[in-house]
Every structure is written in structure tokens, then in C-alpha cells.
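Descriptive analysis of the structure
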Number of protein chains: 2
Amino acid sequence: MSVVVHSPDAAETAEWRARLAALLPEYTVEPMLEARRPEAVRYAVVWQPGNGQLARFPGLRAIVSLGAGIDHVLADTALPAGVPIIRTVGRDLTQRMREYVALHVLRHHREMPALAAAQAAGRWEQIVPPPATARRVGVMGLGNLGAEAARSLAALGFDTAGWARSPREIEGVRCFAGAEGLSPFLARTEILVCLLPLTPETRDILNAELFARLPRGASLVNAGRGAHLVEDDLLAALASGQLSHATLDVFRQEPLPPGHPFWAHPGVTVTPHIASMIDPETGGRIVAANIRAFERDGTVPDLADAARGY
Amino acid sequence: MSVVVHSPDAAETAEWRARLAALLPEYTVEPMLEARRPEAVRYAVVWQPGNGQLARFPGLRAIVSLGAGIDHVLADTALPAGVPIIRTVGRDLTQRMREYVALHVLRHHREMPALAAAQAAGRWEQIVPPPATARRVGVMGLGNLGAEAARSLAALGFDTAGWARSPREIEGVRCFAGAEGLSPFLARTEILVCLLPLTPETRDILNAELFARLPRGASLVNAGRGAHLVEDDLLAALASGQLSHATLDVFRQEPLPPGHPFWAHPGVTVTPHIASMIDPETGGRIVAANIRAFERDGTVPDLADAARGY
């Protein structure tokens, strides 16, 4: 019986393979593209598996996504039907995401881009925003990562709201739900954080029509997926002043191509998909534990719902 | 009976005067330098009063510092002896400071200066720091502002310690005290936050000898006072790599003079003394309430200890 591992980055694949081989001695652990006996493969641990690759394993019991999202797996047009997909969500992942969200919401709130420009010009310019208690922030997407990020923002003192497809309750966070909850949520949100899963419904959701429902001068932090954002609509909203700033960790094309207008835009902070990463060291333990639990029980708490898309 | 108001900034003096006049109708509220009947002055509400000014008021019952620190009052060489000094510490002040500290500690932790340089160069460079749980941060000074900042860092997941002159207990924060506690505190601190009061003992405390006791590559956030920092020692520590970055909100001379090496230093983030400000709107209410309470009871909880210096 074997476990195969794949990431588009060969070095990363090698790292994960070594880590999982050490943690799962009862399995042969191989790079997916080098699997010697496809019929022996029971688990595929993947980030962006190539199209059609997973269909080569007839005895596959589960696919393990190396992340909280499964959109990169569902993108496979030849994905074997009915094979459960296990999401990888660990304390490190939620911890890193809440740090990223707290950092960038605070940066927007305290107008760091303007302060950095003032320093670059050698200008002593005291910009004094209201306290966070008077700043209305909102998190779209209240899964593990979104709920934890919203809680952290509320703990920092922000007037925090959240929005999700279905109703949620989070202490200290005003929760909105569904299509009818979206407009009131957006109307009150000065700093918008996107942590939605990528599904057909949420693709392109960050568009001109949504930006127009935010208060003028609002800002955006996108740590969901690149395909949530209509890039040209963002550029237009920044140009018109409808949005004041955007911090983006994810892009339609990654790495963000050289010469892309985001790189040099004064209203855009680019971070290279580092908001929250699973590293083999701690992530390996979660993956190994999930594989063992699934083998034993036929299910795990972090099982994704392929029909729902997350 | 009158209350006099003074800030080196005339517009600010006028704002405070208007606000306090509205809140304290039982007093005449005047700019300190224009007090018509010095013998009628009961309270002086000041930020950096000129030397010798406060000695002109024989009936002064208390001095109100427009801030948490009283060093700017004690700097008066003709300060009338025995007049109590009331510090102004409100929820907005602690809220703003904990935001500032959280923002800048997260910026250092997540290597935002390096990420910003990569963006400026159009470089997709994934820098992945450990989660905050594996990052050791330390706050020097555990008064109202420091204790609250340390609590916020711990809540964000940081491995947080604190240091103060005398022993303190703060849940979730490992507290060190006194001269013998300083070395172990520094030895474990990767990101050091200074929120000390300025006293003869803490003047110049951020110097080469202290930097040498931090782990190599540590960083500094100074939101205390400019005189805590020996500027040349910081420049040397950045040049040698002993320190990796410094974020400074306070300076020996403010505004930071044009041409000062901090402005263009890639290892220094300059913010123009905006970490935590008291504005007349909410601060006025605190000052008015403190004056009324002092008039009634002869004391207030935020009374400073002039002998101790804070």
C-alpha cells in the first residue's frame, strides 16, 4: 500500500515525501508522478495535482488537499467520482491566517501605506485614525480560518462583522448570512477581508458591483483565492477612489507575472501567497493523523463536501 | 477659579480649551500663557509646559498631564514642589497603543519590510516565518499601556514576556523584574517593545550594551520616549546585523529633523509620534472627570508619583 505526494514544486514534493515517509512507516511514500504500482496507491496528498493524474489510481481511498481549500483538486476535469477529499486545517494554518489578517487590517486601519509614503518623502505627517473600536471591519467566509480571523479582529477591538452563505454565530462578531445579508454587511464594512472558499458561486465575487456597495474609500484584503477577484474592477475602483487600498495574497496567475500592474501600484500591497502555509514539519503530523484516522474510521472531521465545493 | 491649558501647538491648545470649557462650565478655561488672574488658577492641563510657567500659579491644586507619561512635566526645573500630577490614561489611549504594538510586532514578525522590498523590485519571494506561537516577543514597561499591549500580543498567539522594575503578574505573559530579571528577559526576546516611562534610570536604556544581550537579528519597536534610545548605538547595531529592524515612534528631537539618517534607513520604520494620542473629544471627558474627582476627593486613581517619575 502506498501514499503518493504531489506539489507543482519538486523541492516541496521531496520535502513532504521525506516527512510523510518518516511519519507513516506502514506505507510506501512516493512522488505521485513516479508511482511504481498505481493499483497500490491508497492516498494521494496533493497541492494542484495535474489534470487526470488522480484517475490513474483505481484503489484510491481518499485525496488529501494540502490546504484548507479543495478548489485546486476540484479543478481536475477527470477527478475520480466519489473519492472523499480531506482538507488539511491545523492550528498552524489558522494561527498564520489570523496573524496575516490582523496585520493587514491593522495596516489599513492605521494607514501605514500613507505613513510609509510620508517617510519615503522625509515628511513628518501625523495621521491619526479613530481607535479600532470605531472602525468597522468585515470578514467574508466564516469557515475555520475566517471565524478565527474574525475573532482575532474583535479581540483587537475592531467593530467586527462576518458574512457567510449560511447563518453562523461567533461571539463578539455580528454575523450576516446569504444573499439578503450581503448588502447590509457590505454597507457597514470599511475594511473587507475575503476568506471565502472558491466555488462557482464565489468566483469573481470581488467585482465592481460589490465594491460599489462598500462605503466610499473602503479597502480590501484578499487572502481567499485569486479567482475571487476581478482584477480590472479593482484597478478601476482604486482609480475612482471607491477603494483606497488593496492587500492581495492570491492572484489569478501565480507567481504574479512580471510587469503586472499590481506590482508597482501605490494602492496595492502584494504578498506572494504566504498568508498561511502548511509546512511539512507541523502539517505532516496533521496529514499523517488524518490518513490514519480515515483508514480506521472511514471518515475525519475535516472531510470536504465536493458537491458544496469546500 | 480657573483651569489653564497648554500644548506647544497653538491650534491644539485652542481645541482643548474649547472642549474643556464645554465640559467644565464651573471653571474659567484659558490658554496658560494668557491666564489673566494667575492666583485663580486651580488646575493646569498641559503637554510640555514651558520651563517655569507652572510656578506662576500659587493656588495650583494639581497638574494634569495630557498623556500617560509625566516626564515632560518633571523636565520643568522650576516645577512647584508638592503639587500632585494627574496622568491621563483612557481606554482610547490604551486601545490605540495596543493596536500600534500589535501592528508593528506583526510587521516585524511577518517580515513586511523584506516583503515590501520584494514588491518594489517586482520579485515573487515567499518568506515564511514560523507561527507567532514560536516567536518570542517582549514588552519593557508594564504600566497601563505596556500590560495591555502584552496581553494583546499573547492573545494573538505570541510567546510573550514582559519586564518591569518591580514584579508584576499578567495572565499569559511571562513577567521578569528588576536588574536581575533584565538579562534573561533580553536573552529570549526576538522582538523587543519599549513602553517604559522616561526616568533618570531608563534614559538611554536602549543602548549598545542592551542590544548585545538580545539574540542576534532581533528587532526593536520603541513607542516609549525618544530619550530611551541611543540613536548612534541603534545605527551601529543595524549595521552589524545585531538588530535587523527598528520601528520608532518617538525621537530625541521631534519632529525628526530633515536629513536625519533614520528617514532613509532601510532598517528603520519612522512613524511620527502617532502610536497613541489623546484627542480632545474623548480625552476631554477623562480630563474633566479627573479634575472633578480630584476636587471632590483630593485624589484620583491615575495620580503619578513624582518621586518615582511616573
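Owing to the predicted nature of the structure, the values given are computational and were not obtained by experimental measurement.

**Considering the pattern of salt bridges**
Think of it this way: side chains of opposite charge can pair up when their charged atoms draw near. Residue and element names in this part refer to chain A. Applying the stated criterion to the full structure yields 34 salt bridges over all chains. Linking Arg292 and Glu26 is a salt bridge whose minimum nitrogen-to-oxygen distance equals 2.6 Å. Within this pair, whereas Arg292 is found in helix H10 (residues 280-297), its partner Glu26 is found in the loop between helix H1 (10-23) and strand S2 (28-31), the two being separated by 266 residues in sequence. Judged by relative accessible area, which is 37%, Arg292 ranks as partly exposed. By relative accessible area, Glu26 is classed as partly exposed at 42%. Three or more residues are tied together by salt bridges with common partners; here these are Arg19, Glu281 and Arg285.

**Quick look at the sheet that holds strand S9 (residues 191-194) of chain B**
Residue and element names in this part refer to chain B. Read across the sheet, seven strands follow the order S8-S7-S6-S9-S10-S11-S12 without closing on themselves; strand pairing throughout is parallel. Sheet topology places strand S8 (174-177) and strand S12 (268-270) at the edges, where each strand pairs with a single neighbour. Strand-to-strand twist of the sheet, defined as the mean angle between neighbouring strand axes without regard to direction, takes the value 15°. The pairing of strand S6 (residues 136-140) with strand S7 (residues 159-164) spans five bridges and is parallel. Residue pairing in the sheet places Val139 in a bridge with Gly162 of S7. Across the face of the sheet, helix H8 (residues 231-240) comes into contact with strand S10 (218-222), strand S11 (243-248) and S12 while running at roughly 140° to S11.

**What about the interface of chain B and chain A?**
On the chain A side, the residues contacting the 48 residues of chain B number 48 residues. Of the roughly 4,000 Å² buried between chain B and chain A on both sides combined, carbon and sulfur atoms contribute 65%. When the buried surface of chain B facing chain A is broken down by residue, B:Arg110, B:Gln119 and B:Trp124 rank first, second and third, together holding 21% of it. For the pair chain B and chain A, the number of links is two salt bridges. Between A:Glu99 and B:Arg110 there is a salt bridge, with the nearest N and O atoms lying 3.1 Å from each other. The interface formed by chain B and chain A contains 30 residue pairs in polar contact (both at pLDDT 80 or more). Elements supplying a minimum of two residues to the side of chain B that touches chain A: helix H3 (91-109), helix H4 (112-120), helix H9 (261-264) and S12 of chain B. With 12 residues, the single largest contributor to the side of chain B that touches chain A is H3(B). Tallied by class, residues from the side of chain B that touches chain A come to 27 nonpolar, 12 polar and nine charged.

**Some points on the sheet that holds strand S5 (residues 85-86) of chain B**
Residues and elements named next belong to chain B. Pairing in this open sheet of five strands is parallel, and the strands run S2-S1-S3-S4-S5 from one edge to the other. Among the strands making up the open sheet, the edge pair consists of strand S2 (28-31) and S5. In terms of strand pairing, strand S3 (residues 41-46) meets strand S4 (residues 62-65) through four bridges, oriented parallel. By the bridge assignment, Val46 is partnered in S4 with Ser65. In the packing of helix H1 (residues 10-23) onto the sheet, the strands contacted are strand S1 (2-6), S2 and S3, and the crossing angle to S2 comes to about 180°. The strands touched by helix H10 (residues 280-297) within the sheet are S1, S3, S4 and S5, with S3 carrying the most contacts at an inclination of about 150°.

**Concerning the side chain of B:Thr199**
All names here are of chain B. Within the secondary structure layout, Thr199 lies in the loop between S9 and helix H7 (208-213). Owing to a relative accessible area of 8%, Thr199 belongs among the buried residues under this scheme. In this structure, Thr199 is in contact with Arg308, Gly309 and Tyr310, ignoring residues within four places of it in sequence.

**Some words on unusual backbone geometry**
Of note, the amide linkage connecting A:Glu254 to A:Pro255 takes the cis form, showing an omega dihedral of -10°. Within the element layout of this structure, A:Pro255 appears in the loop between strand S11 (243-248) and helix H9 (261-264). The residue B:Glu111 is not glycine, and still its phi comes out positive at about 55°. In this structure, B:Glu111 sits in the loop between H3 and H4. With phi around 65°, B:Asp204 is a residue other than glycine that occupies positive phi space. Positionally, B:Asp204 belongs in the loop between S9 and H7. Note on B:Asp204: relative accessible area 31%, which makes it partly exposed.

**Describing the domain arrangement of chain A**
All names here are of chain A. If you check the domain split of chain A, you get domain 1 (2-88 + 278-297) and domain 2 (91-270). With nine residues of domain 1 in contact, the opposing surface of domain 2 contributes seven residues. Taken together, the two surfaces of domain 1 and domain 2 that pack against each other cover about 640 Å², and 46% of this comes from carbon and sulfur. For the pair domain 1 and domain 2, the interface holds two salt bridges. For Asp71, the salt bridge goes to Arg225, with nearest N and O atoms at 2.9 Å.

**Section: the packing of aromatic side chains**
Given two aromatic rings, one states the distance between the centres and the angle between the planes to describe the pair. Residues and elements named next belong to chain A. This model, assessed by the stated rule, comprises 10 aromatic pairs over all chains. A centroid spacing of 6.2 Å and a plane angle of 85° characterise the contact between Tyr43 and Phe294, whose relative ring orientation is edge-to-face. With Tyr43 in strand S3 (residues 41-46) and Phe294 in helix H10, this residue pair connects regions lying 251 residues apart in the sequence. This pair shows no difference in class: Tyr43 is buried, exactly as Phe294 is. Consider the rings of Phe251 and Phe262, whose centres lie 6.3 Å apart with planes at 50°: the pair is tilted. In this pair, Phe251 sits in the loop between S11 and H9 while Phe262 sits in helix H9, placing the two residues 11 residues apart along the sequence. Residue class for Phe251 comes out buried when judged on its relative accessible area of 4%. Three or more aromatic residues joined by ring pairs make a cluster, and in this case those are Tyr27, Tyr43 and Phe294. A cation sits over an aromatic face here: Arg308 above Tyr310, 4.1 Å from the ring centre.

**Observations regarding the relation of the copies chain B and chain A**
Superposing chain B onto chain A requires a rotation of 180° together with a translation of 0.0 Å along the rotation axis, leaving an RMSD of 0.1 Å. These values place the two chain copies in the arrangement generated by a two-fold rotation axis. Within chain B, B:Leu103 has its C-alpha nearest the rotation axis, a separation of 2.8 Å. Mapped onto chain A, 100% of the interface residues of chain B again fall at the interface, so both copies present the same surface.

Conventions we followed
Residues numbered from 1 in each chain as written. Chains lettered and ligands numbered in written order. Predicted model: local features only at pLDDT ≥ 70, side-chain atom pairs only at ≥ 80, totals over all residues. Heavy atoms only, no water. Salt bridge = Lys/Arg side-chain N within 4 Å of Asp/Glu carboxyl O. Helix = DSSP H or I, 4+ residues; strand = E, 2+ residues; numbered from the N terminus. Buried < 20%, exposed > 50% of the residue type's maximum accessible area, 1.4 Å probe, protein only. Pairing = 2+ DSSP bridges. Axes fitted to C-alpha atoms, helices over the stretch in contact; angles between N-to-C directions. Contact = heavy atoms within 4.5 Å. Buried area = accessible area lost by both parts, 1.4 Å probe. Polar contact = N/O pair within 3.5 Å; in protein donor to acceptor, adjacent residues only side chain to side chain. Nonpolar A, V, L, I, M, F, W, Y, C, P; charged D, E, K, R; others polar. Domains from an automatic or database assignment. Phe/Tyr/Trp six-rings, centres within 6.5 Å; stacked < 30°, edge-to-face > 60°. Lys NZ or Arg CZ within 6 Å of the ring centre and 35° of its normal. Least-squares fit on C-alpha atoms with pLDDT ≥ 70 in both.

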